[in-house]
Amino acid sequence: MTTTNNTLSSLLFQDFQSLAAIATTPAGLKKLAALCQAHPITLWVPESLAELAQAQNLNSKIYSGSLKEQVAQLWPQYQGFVFCLATGAVVRLIAPLLQHKSTDPAVVVVDEAGQFVISLCSGHQGGADRLTQAIALQLNATPVLTGAANRLQLPGIDVLGVPFGWQKGEGDWTGVSAAIARQDSVQVIQEAGTTLWQHHLPSEHPFQFNESEETATAPIQPATPKARVWISPLARRLSPDSGIPEVQWHPKVLWVGIGCERGTSRHLIESAIQQACQAHQLAEAAIAGIATLDLKADEVGLVELCRDRHWPLRCFSAEQLKSVPVPTPSEVVAAEVGTPSVAEAAALVGAGLVPALSAPDLETEQQAVSLRVTKQIIRAADQPGAVTIAIAQAEQEYTGRSGKLWLVGTGPGQLEQITPAAQTAIAQADVVIGYSLYVDLVKPLLRPGQIVEALPITQERQRAKRAIELANWGLTVAVISSGDSGIYGMAGLVLEELRAQSWDGKTPAVRVFPGITALQAAASRVGTPLMHDFCAISLSDLLTPWPVIEKRLNAAAQADFVTALYNPRSKTRTEQIAIAQQIFLQHRDPSTPVALVRSAYREDEQITLTTLGELLEAPIDMLTTVLIGNASTRTYADWMITPRGYLGFTPDAEPNQSL
């Protein structure tokens, strides 16, 4: 596996294809330099700072002339700008360039002291709010987000469907946003797409969820909602006569089945799709992709249309399609291409409503599934060829995104003990999954609109499967573990499950964000017990047979490793720690120093320095890490110290003698 040095950092800013940072003073250059060195951000500085930038080996770009002219030139080239300037100066620079919040780039301001990061412009649709949070975590600064949605802990209504690949339709987006800001009631009528977002709203949210259109068209009464949101594959014509602002989101749930004569023009295929959608009031924005017979995989008009509209083209063999029950099969088509249906069958299979059966399974009976649009044949007098079209609606939307699994170690528990990269990964992810205790510990990093699933401590494998399911769908999922995710954490379970599912190693993409392990955290609280060779052994026999654990305990004790014991005692498993003590006493003096560290760096932290002989007299539970010293380990002034080498060991010295 080959990766670049900035692989993890680049992922954290994945929503931005291009970012520019601008500094005009030495202090500003210094503040942005570290950010630009670690992340794919282009740093622009004036000629007066060229020597300073060169002296610091910065890969910066130099501009001449006025900054106002330079910003105007760069404005259409970047998705986001990070200024280290006074906010007022930035406002004056960008004011003439602003057009609309749906097209303006993100604009973020960092003060020269690096204390604050301000989301100035295009907070929602431009992504400035998320960019601000990411940069603030990297700089250990305070993010300043002034939008009402952030105050209410709600996702912006104009970015609500972005993680799921939904497309924005028509509507009064400003009016609905204003209603939410006033905390007015907002009616949501969702006819398609995931409802996950509904289940992760704060308890005091303004949304009223309705399933029937009759409710939506009822006369407006004083107590009725003041705004409406449609989530549907239908293209509704919103009427100003409704009396309230309305908007539309279109989940990509429509799969268009296409059959066509060889040489049919792209224009005719596109016109056929438009006609079918208009006739059935379907939104073209709700189209997920095109499905067809594999013989049409190289059809020029079809390939060009899918390329230009960014639609996936799914192709199936005649054997896969011929067993699909359809409303209007054709013997003529069967004789021509080996299946009685192309458009209808392909639409159903493409939408996942019936499986694409292979040859050995063709006799499997399948229940007929209704189509949104049954087969239609469309020709045009001035266009060559003919198009057969059918449309099916999938149960789950197509996100159009490549999913990612971020396996994140959160360290011992305090936020400052989590690496900036890991903090940013948690804040940027679409989904955060973890044990409920660990989710509570990272709550300050969570943002409005995230899907947060906290599962009990015994459901590790369920967590892994759920994370993979969501990542395969196209979401970015952060799976959090305390300590380091790759040491007794979730990373191993996730990779095991991926292997069991015949993962190709690429999709979903997997990255591991390291964290401070429990043994490191525990050691830091008592001194330097891990200064020489050490090992870690878990006493839990839920996943490892006890004879294997016992064998490892014997080997570690005999080899004189400093040993960290994880999961030493639970409510039902109490004998293992006693057995471990007896094994170590066979090879080490009873006065060998031992540290018991419970919940390191958390509010209920407890630290006990004891000896191997008196180990069982202290309270020990599943949150305790046990550190057993080697023959050289000593205690001094309530610190546990292991020499860097055995040269520091005096054979005749008492084991507890201070160094």
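Not measured: the values here are computed from a predicted model.

1. Observations regarding the packing of helix H17 (residues 460-473) against helix H18 (residues 490-500)
Next up, step 1: With their axes 9 Å apart at the nearest point, H17 and H18 run at an angle of 60° to one another. Classified by the interaxial angle, the pair formed by H17 and H18 is oblique. Judged by the sense of rotation from one axis to the other, the crossing of H17 with H18 is right-handed. Across from Glu 460, Arg 461, Arg 463, Ala 464, Lys 465 and Ile 468 in H17, the residues of H18 making contact are Met 490, Leu 493, Val 494, Glu 496, Glu 497 and Leu 498.
Next up, step 2: Partitioned by chemical class, the residues of the contact of H17 with H18 number 6 nonpolar, no polar and 6 charged.

2. Observations concerning the environment of Gly 127
Next up, step 1: The topology assignment puts Gly 127 in the loop between strand S6 (116-121) and helix H6 (128-139).
Next up, step 2: Classification of Gly 127 by relative accessible area gives buried; the value is 13%.
Next up, step 3: Beyond its immediate stretch of four places on either side in the chain, Gly 127 contacts Phe 16, Ala 106 and Ser 122.

3. Overview of the environment of Glu 304
Next up, step 1: Residue placement: Glu 304 occurs in helix H11 (residues 300-309).
Next up, step 2: Using a relative accessible area of 30% as the deciding quantity, one classes Glu 304 as partly exposed.
Next up, step 3: Between the alpha carbons of Glu 304 and Arg 266 there is a distance of 6.9 Å; along the sequence they are 38 residues apart.

4. Observations concerning the side chain of Ser 599
Next up, step 1: With respect to the element layout, Ser 599 can be found in the loop between strand S26 (593-598) and strand S27 (606-611).
Next up, step 2: Ser 599 sits in the buried class, given a relative accessible area of 4%.

5. Things to note about the sheet that holds strand S8 (residues 167-171)
Next up, step 1: Across the sheet, which stays open at both edges, the 5 strands sit in the order S8-S12-S11-S9-S10 with mixed pairing between neighbours. Each having just a single partner strand, S8 and strand S10 (207-210) make up the two edges of the open sheet. With direction set aside, neighbouring strand axes in the sheet form an average angle of 20°.
Next up, step 2: Two elements, strand S9 (residues 186-190) and S10, share 4 bridges in a ladder whose sense is parallel.

6. Brief notes about the packing of aromatic side chains
Next up, step 1: In the structure shown here, the tally under the stated rule is 14 aromatic pairs.
Next up, step 2: Judged by centre distance (5.9 Å) and plane angle (75°), the ring pair of Trp 255 and Tyr 398 falls under edge-to-face. Of the two residues, Trp 255 sits in strand S13 (residues 254-260) while Tyr 398 sits in the loop between strand S17 (387-393) and strand S18 (404-409), which places them 143 residues apart along the sequence.
Next up, step 3: An aromatic cluster is present here, built from Phe 164, Trp 166, Trp 173, Trp 249 and Trp 473 joined pairwise through their rings.
Next up, step 4: The ring of Trp 173 has Lys 168 sitting right over it, with the charged end atom 4.6 Å from the ring centre.
Next up, step 5: A cation sits over an aromatic face here: Arg 525 above Tyr 601, 5.2 Å from the ring centre.

7. A few points about the pattern of salt bridges
Next up, step 1: Tallied over the entire structure, the rule returns 23 salt bridges.
Next up, step 2: Across the pair Glu 469 and Arg 466 runs a salt bridge, and its minimum N-O distance is 3.2 Å. A residue pair is termed a helical-turn pair when its members lie 3 or 4 positions apart in one helix, as Glu 469 and Arg 466 do in helix H17 at 3 residues.
Next up, step 3: We classify Glu 469 as partly exposed; its relative accessible area is 46%.
Next up, step 4: Each of Arg 266, Glu 270, Glu 284, Arg 307, Asp 308 and Arg 309 takes part in a single network of salt bridges with overlapping partners.

8. A look at the pairing of strand S24 (residues 534-538)
Next up, step 1: Two strands pair when backbone bridges link them, and S24 and strand S25 (residues 562-566) are joined in this way by 5 bridges, in the parallel orientation. Following the sheet pairing, Ala 536 is matched in S25 by Ala 564.
Next up, step 2: Running through helix H20 (residues 546-558), the crossover from S24 to the neighbouring parallel element S25 is right-handed.

9. What to know about the sheet that holds strand S15 (residues 313-316)
Next up, step 1: If you trace the 5 strands from one edge of the open sheet to the other, you get S15-S14-S13-S17-S16, paired in mixed fashion. At either margin of the open sheet sits one strand with a lone partner, and together these are S15 and strand S16 (373-378). Strand-to-strand, the axes of this sheet are offset by a mean angle of 25°, without reference to chain direction.
Next up, step 2: Bridge count between strand S14 (residues 287-293) and S15: 4 bridges; the pairing is parallel. The partner of Leu 293 across the bridge, within S15, is Phe 316.
Next up, step 3: On the sheet, helix H14 (residues 343-350) packs against S13, S14, S15, S16 and S17 and is oriented at approximately 30° with respect to S17.

10. Digging into the confidence of the model for the protein
Next up, step 1: In this model, the protein carries an average pLDDT of 89, and 92% of its residues clear a pLDDT of 70 or more.
Next up, step 2: Predicted confidence for residues 1-6 stays below pLDDT 50, and this span has 2 contacts to residues more than four positions away or in other chains.
Next up, step 3: Scored below 50 in pLDDT, residues 212-223 shows 14 contacts in the model against residues more than four places distant or in partner chains.

11. Thoughts on the side chain of Thr 292
Next up, step 1: Take Thr 292: it is sitting in strand S14.
Next up, step 2: Ignoring any residue separated from it by four or fewer positions in sequence, one finds Thr 292 in contact with Ile 258, Leu 302, Leu 313, Arg 314, Cys 315, Phe 316, Val 342 and Ala 346.

12. As for the nonpolar core
Next up, step 1: Trp 197, Phe 207, Val 229, Leu 405 and Val 477 are the most contacted members of the largest nonpolar core, which has 42 residues in total.
Next up, step 2: Among all residues touching Val 477, those that are not within four sequence positions of it are Lys 404, Leu 405, Trp 406, Ala 429, Val 431, Ile 433, Ala 467, Leu 470 and Ala 471.
Next up, step 3: With 27 residues, the next largest nonpolar core counts Val 82, Cys 84, Ala 106 and Val 117 among its residues.

13. With respect to helix H10 (residues 266-279)
Next up, step 1: Its 14 residues place the ends of H10 20 Å apart at the C-alpha level, agreeing with the 20 Å of an ideal helix rising 1.5 Å per residue.
Next up, step 2: For H10, every residue scored as buried is listed here: Leu 268, Ile 269, Glu 270, Ser 271, Ala 272, Ile 273, Ala 276 and Cys 277.
Next up, step 3: Taken together, the buried residues of H10 touch S13, S14, H11, S16 and S17.
Next up, step 4: Directly after H10, the chain includes Gln 281, whose backbone phi takes a positive value near 55°.

14. Observations regarding unusual backbone geometry
Next up, step 1: Note that the residue after Thr 507, namely Pro 508, is joined by a cis bond; omega there is 0°.
Next up, step 2: For Pro 508, the location among the structural elements is in the loop between H18 and strand S22 (509-513).
Next up, step 3: If you check the backbone angles, Tyr 601 has positive phi at about 70° while not being a glycine.
Next up, step 4: As for its placement among the helices and strands, Tyr 601 is situated in the loop between S26 and S27.

15. What about H11?
Next up, step 1: All buried positions along H11 are accounted for by Gly 301, Leu 302, Leu 305 and Cys 306. Taken end-on, H11 shows its buried residues confined to a sector of 125°, consistent with a single buried face. Opposite the packed face of H11, turned more than 90 degrees from it, sit the exposed residues Val 300 and Arg 307.
Next up, step 2: Tucked into the core, H11 has its buried residues touching S13, H10, S14 and S15.
Next up, step 3: Immediately beyond the C-terminal end of H11, within one or two residues, lies His 310, with a positive phi of roughly 60°.

16. Comments concerning the environment of Leu 446
Next up, step 1: Topologically, Leu 446 is positioned in the loop between helix H16 (436-441) and strand S20 (451-455).
Next up, step 2: Considered as a pair, Leu 446 and Ala 427 are 19 residues apart in the sequence and their alpha carbons are 5.4 Å apart.
Next up, step 3: If near-sequence neighbours (up to four positions away) are discounted, Leu 446 is found in contact with Ile 426, Val 432 and Val 452.

Rules behind the numbers
Residues numbered from 1 in each chain as written. Predicted model: local features only at pLDDT ≥ 70, side-chain atom pairs only at ≥ 80, totals over all residues. Heavy atoms only, no water. Axes fitted to C-alpha atoms, helices over the stretch in contact; angles between N-to-C directions. Helix = DSSP H or I, 4+ residues; strand = E, 2+ residues; numbered from the N terminus. Parallel < 35°, antiparallel > 145°, perpendicular 65-115°, else oblique. Left-handed = near helix turned anticlockwise from the far one by under 90°. Contact = heavy atoms within 4.5 Å. Nonpolar A, V, L, I, M, F, W, Y, C, P; charged D, E, K, R; others polar. Buried < 20%, exposed > 50% of the residue type's maximum accessible area, 1.4 Å probe, protein only. Pairing = 2+ DSSP bridges. Phe/Tyr/Trp six-rings, centres within 6.5 Å; stacked < 30°, edge-to-face > 60°. Lys NZ or Arg CZ within 6 Å of the ring centre and 35° of its normal. Salt bridge = Lys/Arg side-chain N within 4 Å of Asp/Glu carboxyl O. Right-handed = clockwise from strand over helix to strand, strands pointing away. pLDDT = per-residue confidence, 0-100. Core = buried A, V, L, I, M, F, W, Y, C linked by side-chain atoms within 4.5 Å. Expected span 1.5 Å × (residues − 1). Arc of directions from axis to C-beta.

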